[in-house]
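Report on the structure
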Amino acid sequence: MENKRLSDVFSGDDLDMVNQDLAQSADLIDSWLEGGEIDPDLLGYMVYFFESLTSKFPQS
(Lines give C-alpha, C1' and ligand atoms only; values in the text may rest on other atoms or scores of the structure.)
Protein backbone atom coordinates (compact mmCIF):
# COMPACT_ATOMS: atom_id res chain seq x y z
CA MET A 1 0.00 0.00 0.00
CA GLU A 2 1.26 3.44 -0.89
CA ASN A 3 1.92 5.97 1.86
CA LYS A 4 -0.51 8.86 2.12
CA ARG A 5 -0.29 12.43 3.34
CA LEU A 6 -2.74 14.00 5.74
CA SER A 7 -4.04 16.11 2.85
CA ASP A 8 -4.86 12.90 0.94
CA VAL A 9 -7.29 11.89 3.66
CA PHE A 10 -8.46 15.15 5.26
CA SER A 11 -9.43 18.55 3.90
CA GLY A 12 -10.70 21.91 5.09
CA ASP A 13 -11.59 22.17 8.76
CA ASP A 14 -10.87 18.47 9.34
CA LEU A 15 -7.30 18.89 8.09
CA ASP A 16 -6.85 21.99 10.24
CA MET A 17 -8.09 20.11 13.32
CA VAL A 18 -5.78 17.14 12.70
CA ASN A 19 -2.81 19.48 12.19
CA GLN A 20 -3.62 21.29 15.44
CA ASP A 21 -3.98 18.01 17.35
CA LEU A 22 -0.65 16.77 15.99
CA ALA A 23 1.08 20.03 16.91
CA GLN A 24 -0.39 19.93 20.42
CA SER A 25 0.67 16.29 20.80
CA ALA A 26 4.22 17.16 19.72
CA ASP A 27 4.33 20.02 22.24
CA LEU A 28 3.11 17.74 25.03
CA ILE A 29 5.64 15.04 24.20
CA ASP A 30 8.41 17.65 24.18
CA SER A 31 7.32 18.87 27.61
CA TRP A 32 7.33 15.30 28.97
CA LEU A 33 10.81 14.71 27.57
CA GLU A 34 11.91 17.84 29.41
CA GLY A 35 10.53 16.49 32.70
CA GLY A 36 7.01 17.88 32.60
CA GLU A 37 4.14 16.13 34.33
CA ILE A 38 1.90 13.82 32.32
CA ASP A 39 -1.80 14.63 32.47
CA PRO A 40 -3.62 11.26 32.21
CA ASP A 41 -6.63 12.87 30.53
CA LEU A 42 -4.49 14.44 27.81
CA LEU A 43 -2.58 11.20 27.37
CA GLY A 44 -5.88 9.35 26.95
CA TYR A 45 -7.00 11.85 24.33
CA MET A 46 -3.72 11.41 22.47
CA VAL A 47 -4.16 7.63 22.49
CA TYR A 48 -7.68 8.00 21.10
CA PHE A 49 -6.48 10.51 18.48
CA PHE A 50 -3.62 8.31 17.24
CA GLU A 51 -5.84 5.23 17.21
CA SER A 52 -8.34 7.09 15.04
CA LEU A 53 -5.52 8.05 12.65
CA THR A 54 -4.53 4.41 12.26
CA SER A 55 -7.96 3.66 10.80
CA LYS A 56 -7.30 6.26 8.09
CA PHE A 57 -3.76 5.00 7.44
CA PRO A 58 -3.95 1.20 7.66
CA GLN A 59 -0.84 -0.94 7.58
CA SER A 60 -0.25 -2.99 4.46
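Above: the structure in question.
What comes next is a walk through the structure. (Residues numbered from 1 in each chain as written. Predicted model: local features only at pLDDT ≥ 70, side-chain atom pairs only at ≥ 80, totals over all residues. Heavy atoms only, no water.)

1. A closer look at the overall build of the protein chain
Looking only at helices and strands, the protein chain has three helices and zero strands in total. In sequence order, the protein chain lays out its α and β elements as α-α-α. Radius of gyration (C-alpha) of the protein chain: 13 Å, far over the 10 Å computed for a compact globule of 60 residues. On the principal axes, the C-alpha backbone points of the protein chain span a range of 35 × 25 × 20 Å. Scored against the burial criterion, the 60 residues of the protein chain give a buried share of 17%. The long-range share in the protein chain, meaning contacts at least 24 apart out of those at least 6 apart in sequence, stands at 61%. Of the accessible surface of the protein chain, which amounts to about 4900 Å², a share of 51% is contributed by carbon and sulfur atoms. (Helix = DSSP H or I, 4+ residues; strand = E, 2+ residues; numbered from the N terminus. Rg over C-alpha atoms; globule rule 2.2 N^0.38 Å. Buried < 20%, exposed > 50% of the residue type's maximum accessible area, 1.4 Å probe, protein only. Contact = heavy atoms within 4.5 Å. Areas by Shrake-Rupley, 256 points an atom, 1.4 Å probe, with all protein chains shown as cover.)

2. Some points on the layout of surface pockets
Space inside the largest pocket adds up to approximately 150 Å³. Lining the largest pocket, in full, are Phe10, Asp14, Met17, Val18, Asp21, Tyr45, Tyr48, Phe49, Ser52, Leu53 and Lys56. Among the secondary structure elements, those contributing two or more residues to the lining of the largest pocket are helix 2 (12-33) and helix 3 (40-56). The element best represented in the lining of the largest pocket is helix 3, accounting for six residues. For the lining of the largest pocket, a count of residues per class yields seven nonpolar, one polar and three charged. (1 Å grid on protein atoms, 1.4 Å probe; cavity = no way out; pocket = protein on both sides within 12 Å on 5 of 7 lines; lining within 4 Å. Points joined across faces, edges and corners; volume = space filled by probe spheres on them. Nonpolar A, V, L, I, M, F, W, Y, C, P; charged D, E, K, R; others polar.)

3. Observations regarding the nonpolar core
Among the nonpolar cores identified, the biggest contains five residues, and these are Phe10, Leu15, Val18, Phe49 and Leu53. At the level of elements, helix 2 and helix 3 are the ones that each hand at least two residues to this core. Ignoring anything within four residues of it in the chain, the contact list for Leu15 reads Leu6, Ser7 and Phe10. (Core = buried A, V, L, I, M, F, W, Y, C linked by side-chain atoms within 4.5 Å.)

Note that every value here comes from positions in space, so none of it alone points to a role or purpose.
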